[in-house]
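Close look at the chain arrangement
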Amino acid sequence: MKTLLRCVDVIRRQTALEPQIALVLGSGLGGFADQINVSAVVPYDSLPDFPVSTVAGHAGRFLFGTLHDIPLVLMQGRVHYYEGYSMQQVILPIRLMRMLGAKVLFLTNAAGGINPAFHAGDLMCITGHISSFVPSPLIGKNHDSLGVRFPDMSHVYDPALCACIRDAAESLHIPLQNGVYIQTSGPNYETPEEIRMYSILGADAVGMSTACEAIAAVHAGMRVCGVSCISNLAAGISPSPLTHEEVQQTADRTAPLFRSLAEQSIIRIHKVLEN
Ligand code: HPA
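Here the structure is a predicted model, which means the values were calculated and not measured.

Rules of the game
- Residues numbered from 1 in each chain as written.
- Predicted model: local features only at pLDDT ≥ 70, side-chain atom pairs only at ≥ 80, totals over all residues.
- Heavy atoms only, no water.
- Near = heavy atom within 4 Å.
- Polar contact = N/O pair within 3.5 Å; in protein donor to acceptor, adjacent residues only side chain to side chain.
- Areas by Shrake-Rupley, 256 points an atom, 1.4 Å probe, with all protein chains shown as cover.
- 1 Å grid on protein atoms, 1.4 Å probe; cavity = no way out; pocket = protein on both sides within 12 Å on 5 of 7 lines; lining within 4 Å.
- Sits in = over half its atoms within 2 Å of the grid points.
- Helix = DSSP H or I, 4+ residues; strand = E, 2+ residues; numbered from the N terminus.
- Nonpolar A, V, L, I, M, F, W, Y, C, P; charged D, E, K, R; others polar.
- Buried < 20%, exposed > 50% of the residue type's maximum accessible area, 1.4 Å probe, protein only.
- Salt bridge = Lys/Arg side-chain N within 4 Å of Asp/Glu carboxyl O.
- Pairing = 2+ DSSP bridges.

Right, let's talk about the site of the ligand for a bit. If you check the shell around the ligand, you find A110, A111, G112, Y189, E190, V206, G207, M208, S231, N232, L242 and V247 and nothing else. A distance of 3.3 Å separates a nitrogen atom of the ligand from a polar backbone atom of A110. At 2.7 Å, a side-chain N or O of N232 approaches a nitrogen atom of the ligand. Computed on the free molecule, the ligand has an accessible area of 260 Å², of which 95% lies beneath the protein chains in the complex. According to the grid-proximity analysis, the pocket containing the ligand is the largest pocket. The element best represented in the shell around the ligand is strand β5 (residues 104–113), accounting for three residues. For the shell around the ligand, the per-class residue count stands at seven nonpolar, four polar and one charged.

Below, the discussion takes up helix α3 (residues 92–99). Along α3, six of the eight residues are buried, which leaves the element largely enclosed by surrounding structure. Within α3 the residues assigned to the buried category are L92, P93, I94, R95, L96 and M97. Residue G101 follows α3 closely and has a positive phi angle near 125°.

Next up on the list: the pattern of salt bridges. Summed over all chains, the structure comprises six salt bridges. Note that D158 is salt-bridged to R223, the shortest N-O span being 2.6 Å. On the criterion of sequence distance, the pair formed by D158 in the loop between β6 (123–130) and α4 (159–172) and R223 in strand β9 (residues 223–233) is long-range, its members being 65 residues apart. On the basis of relative accessible area, D158 is assigned to the buried category, the value being 14%. For R223, a relative accessible area of 29% corresponds to the partly exposed category.

Glancing now at the environment of C212. By secondary structure assignment, the location of C212 is in helix α6 (residues 211–219). Each C-alpha atom, one on C212 and one on D49, is 20 Å from the other, the two residues being 163 residues apart in sequence.

Moving on: the pairing of β6. A large share of β6 lies buried, amounting to six of its eight residues. In this sheet, strand β7 (residues 176–183) lies alongside β6 in parallel orientation, the contact comprising seven bridges. Counterpart to C125 in the pairing with β7 is N178. Of the pairings in the sheet, the one linking β6 to β9 comprises three bridges and is antiparallel in character. When the sheet's bridge partners are listed, M124 is paired in β9 with S228.

This paragraph deals with unusual backbone geometry. For the bond from G186 to P187, the omega torsion is 0°, close enough to zero to count as cis. Tracing the chain through its elements places P187 in the loop between β7 and α5 (192–201). One non-glycine residue with positive phi stands out, namely D49, at about 55°. Counting through the fold element by element, D49 comes out in the loop between β2 (37–43) and β3 (61–67). Relative accessible area serves as the criterion here: at 55%, D49 is assigned to the exposed category. Positive phi, close to 70°, is recorded for D69, a residue that is not glycine. Within the element layout of this structure, D69 appears in the loop between β3 and β4 (70–76).

Take a look at the structure:
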């Protein structure tokens, strides 16, 4: 909590902007930030005791600004559990964005496609998640000022916000899959046997982030939505071995579609917040 308050203090000396919507930009999707009218840039390593991303393709900074006059905070790059940070550290940025005013968390990521109907390059609206294979970010002392000890997780991905994303995709003629995201610890990709198990459990896509951030956001009273870029077919579904380069290349290729989808979704989400 002390770290959070110190981070708020440092940021408030640089910008008074009160973000309505917070976006986490995953691998290769950071280019979305080009559309933003940026008013402040805050590198993670300029914040006290803040976790810093070590992964290629993750820039590691907050951008504050507006898109069509809607105040936003963007995370260009995130930190992951597999980098050796605790889950509490991984979700610190989410709590920080909440404390700065964000009511909505829009999560994005690159993910492996498990659902046999998916193709590399597809976009998927996240309708639910399975986080049982990684520790909860809420383990440890509960901060009652943030949220309750035992928060309900029946509706993590807000149906009204998912509808905004679907409506945006339709208006742009972008095909959009729907599905359940499963978070693994990484950093190794999965075995084909693990992917078969995740498929049986009901997962459509697999990745190494996101669900923990969604849990922390719901705990703190935010409304959550998310989009996965299916950057590759998961192990055993794809005939070839997986590489981080493939993941990044597909995410880069999909970036223009993603940019338009995120922009149009945000306009619609903002309207939902006003009602
Ligand atoms: N597995 C886990 N994480 C991922 C994958 C994958 O296949 N693709 C992108 N992130």
